[in-house]
Amino acid sequence: MIRNLIFDFGKVLVNHDLQPMLKRYFDNDTDRIKHFHGILSDRDFIDLCDRGIIPFEEMLNTAIRRNPEYASAFQFFKDNYLDEITGEVEGMRELLKALKQSRFGLYGLTNWSNTIYQVMEKFDIFQLLDGWVISCEEHFIKPEKEIYLRLCEKYSLHPSECLFTDDRMVNVEGAKSIGMEAVLFTTVSNYVKDLQFIVNNGM
């Protein structure tokens, strides 16, 4: 029986979009936007930040040394980081409140750098969670088994009693690999249908 619901943060609880911020800085210089976005979205860069091995600020300083022509752009990105978070996913706050009233345990599991604390301070939706595990604190990232197991250990959860959702299928599969039920998050309404199906079928 599912007793605990586990949510990714980005594009599940809060939306994020880097493009509007980059357009503010670079205006209509699409070539520079594309190049700078490529630096920020580099998987090695992201994973190092998310693992918490190197603080976000230090990673930016390293990126500046490697790409000095973008020094002011990196500073702008750092100073305006919260603008990348465009708001809570519509409908999720109301859903979490309803799920809480239905006595589900609500938890978060996210890959994020230490900048997540600014995000959590700004958006009240995180206060509805009973607990969370953040990759930068654990030095593991989804879909590695250790981070899912860490959540279970921290809050005494049984994987078979948990339903995990994430907007990336690789992370959904990671949850399944330790015995959790898991579904891909696309929309709030689809998540509700998935949850109802799993609960009604005793999964």
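Residues numbered from 1 in each chain as written. Predicted model: local features only at pLDDT ≥ 70, side-chain atom pairs only at ≥ 80, totals over all residues. Heavy atoms only, no water.

(A) Region of the structure containing the environment of Glu181. Within the element layout of this structure, Glu181 appears in strand S7 (residues 181–184). Under the relative-accessibility criterion, Glu181 is labelled partly exposed at 25%. On a C-alpha basis, the gap between Glu181 and Arg93 in space is 22 Å, while along the polypeptide they are 88 residues apart. (Helix = DSSP H or I, 4+ residues; strand = E, 2+ residues; numbered from the N terminus. Buried < 20%, exposed > 50% of the residue type's maximum accessible area, 1.4 Å probe, protein only.)

(B) View of the side chain of Asp166. Within the secondary structure, Asp166 sits in strand S6 (residues 162–166). Taking relative accessible area as the criterion, Asp166 reaches 0% and is therefore assigned buried. At 2.7 Å, the side chain of Asp166 forms a polar contact with the side chain of Lys142. In terms of polar contacts, Asp166 uses its side chain to reach the side chain of Asn171, at 3.4 Å. (Polar contact = N/O pair within 3.5 Å; in protein donor to acceptor, adjacent residues only side chain to side chain.)

(C) View of the packing of aromatic side chains. Considering all chains together, one arrives at 14 aromatic pairs under this definition. With centroids separated by 5.6 Å and ring planes inclined at 55°, the aromatic side chains of Phe7 and Tyr191 adopt a geometry described as tilted. You can see Phe7 sitting in strand S1 (residues 4–7) and its partner Tyr191 sitting in helix H11 (residues 188–200), a full 184 residues away along the chain. Residue Phe7 shares its accessibility class with Tyr191, and that shared class is buried. (Phe/Tyr/Trp six-rings, centres within 6.5 Å; stacked < 30°, edge-to-face > 60°.)

(D) A look at the packing of helix H1 (residues 19–26) against helix H5 (residues 71–79). Two elements in contact, H1 and H5, have axes separated by 11 Å at closest approach and are oriented at 135°. By the angle between their axes, H1 is oblique relative to H5. When the axes of H1 and H5 are compared, the crossing they make is right-handed. In this structure, H1 contributes Met21, Arg24, Tyr25 and Phe26 to the contact, and H5 contributes Ser72, Ala73, Phe76 and Phe77. (Axes fitted to C-alpha atoms, helices over the stretch in contact; angles between N-to-C directions. Parallel < 35°, antiparallel > 145°, perpendicular 65-115°, else oblique. Left-handed = near helix turned anticlockwise from the far one by under 90°. Contact = heavy atoms within 4.5 Å.)

That's the geometry; what it means functionally is another story.
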